[in-house]
Structure formats: C-alpha cells, structure tokens
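# Tertiary structure, described
These are the residues of each chain, in order.
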Amino acid sequence: MTSLTTDQESLEAVLKDEIIRMYQEVADQPESTFHFYHGREAAEMFGYAAEWLDRAPSGAVASFAGVGNPHERSNLRPGETVLDLGSGAGLDALIASLQVGPAGRVIGVDLNPAMCVKAQAHATTTGTRMECRQGPMEEIPLPDASVDVLISNGVINLSFRKRRVIQEIFRVLREGGRISVTDIVSAKQLSQSIVNDPKLWAS
Amino acid sequence: MFRLLEESGFTRVRSAVVPGFRFRKQSTQDAAEAYGVKAVMMTALKPRSG
C-alpha cells in the first residue's frame, strides 16, 4: 500500500513538472506546432466571439490551449465573482472580466507561477481586473463559499485526483453558485502505458 | 466527471459534447477515438441548503 502510494506520488510529481513544461512551452513559443490546436485557431474553432479575441492581448490569444468554450453557458452577470481554474495565460479570465465588469471580480488559479505573472501582465495591458493565485487545483487557494461561478477549460482532466478537485470546487462555491467547464473525458479506462507516460497524460 | 459532480453534491448536472474538437496530430486523434476520448461542456449548480 505504502509502495503504491509512493509510486503514485512520484508519478504525480513527474506529471506536475511535465504539465508546467508543456503549457509553458505553449505560452513561450505559441508559433510552434503542438499535437493539439491552440491559439486563435482553436478559440475560433470553439466559437469564441471575434470581439473578445480582438480585445484580448495577442499573447493571451496565442497561448490559448483550451478544449472548448466555457463562456457559452456561463451566463456571467455584472458584479459576480468568477474563478478560472487553470487560468494559464489568462484569455478566459480576461473574457470573464469583460462580462462581470468593474463591480465583479475574476480570480485565476494556476499551478505555474510564471503563467500567473503572464496572465496578470495581460490583464494590466488591457486595463481589465484579474488577480491570479498560484496553487494546485487539488487545494484551491481560496476560502470556502467565496465564488459565484467557476469556469475551467481543459484542466481538470490533468489531475490524478479528480474527485478531490471537484470537492474543492464545491467548497469554494457559494450556495447557488454554478460551474461551466469544458474538459476532456474518456469513455474507456486508459491503458497503463498512457497513464504512466507524463507526456501523453499532460496532453 | 459527470458522476463525480453528482456524488460531490452538485445538482442540475448537464453535459454536452463540444462539437468540432479534435487533436491536430492524426495519430493522437486516432488513439483518442480508440479510447472514446472527447471534449465535453459541463454545467452544474451548488444547491442552496434549506
């Protein structure tokens, strides 16, 4: 049992490093080709409004690595507090900020502190309000019942401890709060060779 | 994830496939299809107590 736990912890640590490396690469070298679509091409594929993409900093758009459009059903209203779990370079958080307006609040959480710095720089460039906190999605660095709406895009699937992540989301949401998440799911159990390959898991 | 949301106390859990999602690299897309991998949109509500 202890050995199994140790193995999983060790794999999780490797995975964490690979996730940071891969998405840092997307942010630093958005002109590169990855095996997933990214940047404006991906955002347009998922129906992001051209108006949003035109208003957002080019770096935030170019680094976009989502798998869908969580704004489609988020129904954000002015004044709401929004959490973008796995905010990356900040595109989804910035779009949320435009919707909740100056009376609202948008908080990004990302595993990678460098991505938080990048996202906040993008927010400053556009004069939008967004704060980013570094932390793992399994331990969201926010108090209980502090969020009206959670959005997330292609991130929860990266966790080995999805139940824990969902429990954390439940904890930080206020009663009556809602989620709008786009993510990757699998109908079949992934083979051990995929689970044990950080590069495949991280993608 | 749908089940995890319900088990964690969320209500009105809904999901729909994200149309148009695919991997750029064909070999990755083929592997994804073999495992039934797809992108989904999920919405849910944290109920009010009482």
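Keep in mind that what you see is a predicted model, and the values were worked out from it rather than measured.

A tally of helices and strands in chain A yields 9 helices and 5 strands. Over its C-alpha atoms chain A spans a radius of gyration of 16 Å, differing by no more than 12% from the 17 Å that the globule rule assigns to 203 residues. Dimensions of chain A, computed from C-alpha atoms along their principal axes, come out at roughly 50 × 40 × 30 Å. Per-residue burial over chain A gives 45% buried out of 203 residues. Looking at chain A alone, contacts between residues at least 24 apart form 71% of all its contacts between residues at least 6 apart.

Residues and elements named next belong to chain A. Core analysis: the largest hydrophobic core is formed by 66 residues, its most contacted members being Val-82, Leu-83, Leu-91, Leu-94, Ala-96, Ala-119 and Leu-150. The biggest single contributor to this core is helix α5 (residues 91-100), with 6 residues. In this view, Leu-150 contacts Leu-83, Leu-85, Ile-169, Leu-173 and Ile-179; residues no more than four positions away in its chain are not counted.

A few words on the pairing of strand β1 (residues 81-85) of chain A. All names here are of chain A. The buried count for β1 comes to 4 of 5 residues, which makes it a mostly enclosed element. By the bridge criterion, 5 bridges tie β1 to strand β2 (residues 105-110) in an arrangement that is parallel. Across the sheet, the residue bridging to Val-82 is Val-106, located in β2. Inspection of the sheet shows β1 paired to strand β4 (residues 147-153) by 4 bridges, in the parallel sense. From the neighbouring strand, Leu-83 faces β4, where its bridge partner is Leu-150.

All names here are of chain A. Tracing the backbone shows Phe-160 in the loop between β4 and α7 (162-172). For Phe-160 and Asp-7, which are 153 residues apart along the polypeptide, the C-alpha to C-alpha distance reads 12 Å. In this view, Phe-160 contacts Gln-8, Glu-12 and Leu-15; residues no more than four positions away in its chain are not counted.

All names here are of chain A. Assignment of secondary structure puts Gly-59 in helix α4 (residues 58-62). Taking the number of C-beta atoms within 10 Å as the measure of exposure, Gly-59 has 17 and is therefore partly exposed. Separated by 47 residues in the primary sequence, Gly-59 and Val-106 have C-alpha atoms spaced 19 Å apart. Residues within four places of Gly-59 in sequence aside, it is in contact with Ala-89 and His-122.

Further remarks concern the interface of chain A and chain B. Counting from both sides, the interface comprises 32 residues of chain A and, opposite them, 28 residues of chain B. Going through the elements one at a time, α7 and β5 (173-186) of chain A are the ones with two or more residues in the side of chain A that touches chain B. In terms of residue count, the dominant contributor to the side of chain A that touches chain B is β5 of chain A (13 residues). Considering only residue class, the side of chain A that touches chain B consists of 16 nonpolar, 8 polar and 8 charged. Where β5 of chain A meets strand β2 (residues 37-45) of chain B, 9 bridges bridge the pair, whose relative direction is antiparallel. Looking across to β2 of chain B, one finds that Arg-178 of chain A is bridged to Leu-45 of chain B.

Take the confidence of the model for chain B next. All names here are of chain B. Chain-level statistics for chain B give a pLDDT mean of 91 and a share of 100% at 70 or above. Considering each helix and strand of chain B separately, the mean pLDDT is smallest for helix α2 (residues 26-34), with a value of 85, and largest for strand β1 (residues 11-17), with 96. Note on the complex model: pTM 0.89, ipTM 0.92.

Procedures and definitions
- Residue numbers restart at each chain and count upward from 1, following the sequence in its written direction.
- By the order in which they are written, chains take letters starting at A while ligands take numbers starting at 1.
- At least 70 in pLDDT is required for a residue's local features to be given in this predicted model, at least 80 for side-chain atom pairs to be given and counted, and no such filter applies to totals for whole chains, interfaces and linings, which use all residues.
- The way it works is that DSSP assigns letters per residue, a run of H or I at least four long becomes a helix, a run of E at least two long becomes a strand, and they are numbered from the N terminus.
- Here the radius of gyration uses the C-alpha set of atoms, whereas the globule reference equals 2.2 Å times the residue count to the power 0.38.
- Burial is judged by counting other C-beta atoms within 10 Å of a residue's own C-beta: 20 or more means buried, 12 or fewer means exposed, and anything between counts as partly exposed, with every C-beta placed from the backbone.
- Any residue pair is listed as a contact if its two C-beta atoms, each placed from the backbone, are within 7 Å.
- For this entry, the nonpolar core is defined as buried Ala, Val, Leu, Ile, Met, Phe, Trp, Tyr and Cys residues connected by C-beta atoms within 7 Å.
- One bridge is not enough; two strands pair if DSSP finds at least two bridges between them.
- Under this grouping Gly is polar, as are all residues other than the nonpolar Ala, Val, Leu, Ile, Met, Phe, Trp, Tyr, Cys and Pro and the charged Asp, Glu, Lys and Arg.
- Confidence of the prediction at every residue is given by pLDDT, a number between 0 and 100.

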